[in-house]
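# Close look at the chain arrangement
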Amino acid sequence: MTLEIVQWTAKEGQEVDFEEAFSKAQGYLSQAEGYISHRFLKCIENSRKYVLLVEWSHIEAHTEQFQGSELYQEYRSLIKPYYEEGATLNHYEQIE
């Protein structure tokens, strides 16, 4: 299992729009081959900051299958207008 962690900052005044766009976009995410689950979180201290945690069956399910798909293009086109450049994305695996 691979855990993808994305950190976004919503554009000033676009928090509600970003949340609404993600609400629609998550339907595309959850259809991806190798997708297991996700959580979309909003920061308590800074209402413009968000974290997305996505569990994938393996890293290629995200980096090759999803990101190379039409589902990804639809997903990204919905949310991209509402977050600032400089989002971070990393993948993690359990070591125990």
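This write-up is about the structure you can find in this document. Since we're looking at a predicted model, the values are computed, not measured.

## With respect to the pattern of salt bridges
Applying the stated criterion to the full structure yields 4 salt bridges. For R48, the salt bridge is made with E12, and the minimal N-O distance between the two is 3.4 Å. Taken as a pair, R48 in the loop between β2 (35–42) and β3 (49–56) and E12 in the loop between β1 (2–9) and α1 (15–29) lie far apart in primary sequence, 36 residues in all. Residue class for R48 comes out buried when judged on its relative accessible area of 17%. Judged by relative accessible area, which is 64%, E12 ranks as exposed. Among the charged side chains, a network of salt bridges with common partners joins E12, R48 and E84.

## Things to note about the sheet that holds β2
An order of β2-β3-β1-β4 is seen for the 4 strands of this open sheet, with the pairing classed as antiparallel. Lying at the two open borders of the sheet, with one neighbouring strand each, are β2 and β4 (88–93). Strand-to-strand, the axes of this sheet are offset by a mean angle of 15 degrees, without reference to chain direction.

## Details of the layout of surface pockets
Reported here for the largest pocket is a volume of approximately 260 Å³. Considering the residues around the largest pocket, the lining is formed by 20 residues, among which W8, Y72, R76, Y83 and L89 are closest to the centre. At the level of secondary structure, the elements contributing two or more residues to the lining of the largest pocket comprise β1, α2 (59–66), α3 (70–79) and β4. For the lining of the largest pocket, the element with the highest residue contribution is α3, accounting for 4 residues. Class assignment of the residues belonging to the lining of the largest pocket gives a composition of 11 nonpolar, 4 polar and 5 charged.

## Describing α2
Since there are 3.6 residues in each turn of an α-helix, residues three or four apart along the chain are aligned in direction. Among the residues making up α2, those that are buried are A61, H62 and F66. The buried residues of α2 occupy one face: seen down the axis, they fall within an arc of 95 degrees. Buried positions along α2 lie against β1, α1, β3, α3 and β4.

## Remarks on the nonpolar core
One recurring pattern in soluble globular proteins is that nonpolar side chains are buried together. In this structure, W8, Y75 and I79 are the most contacted members of the largest nonpolar core, which totals 19 residues. Where this core is concerned, the elements lending two or more residues are β1, α1, β3, α2 and α3. Among the elements that line this core, the one with the most residues is α1, at 5 residues. Dropping the residues within four chain positions of it, W8 is found in contact with F18, F22, F40, R48, K49, Y50, L52, Y75, I79, Y83 and A87.

Each value, and the rule that gives it
Residues numbered from 1 in each chain as written. Predicted model: local features only at pLDDT ≥ 70, side-chain atom pairs only at ≥ 80, totals over all residues. Heavy atoms only, no water. Salt bridge = Lys/Arg side-chain N within 4 Å of Asp/Glu carboxyl O. Helix = DSSP H or I, 4+ residues; strand = E, 2+ residues; numbered from the N terminus. Buried < 20%, exposed > 50% of the residue type's maximum accessible area, 1.4 Å probe, protein only. Pairing = 2+ DSSP bridges. Axes fitted to C-alpha atoms, helices over the stretch in contact; angles between N-to-C directions. 1 Å grid on protein atoms, 1.4 Å probe; cavity = no way out; pocket = protein on both sides within 12 Å on 5 of 7 lines; lining within 4 Å. Points joined across faces, edges and corners; volume = space filled by probe spheres on them. Nonpolar A, V, L, I, M, F, W, Y, C, P; charged D, E, K, R; others polar. Arc of directions from axis to C-beta. Contact = heavy atoms within 4.5 Å. Core = buried A, V, L, I, M, F, W, Y, C linked by side-chain atoms within 4.5 Å.

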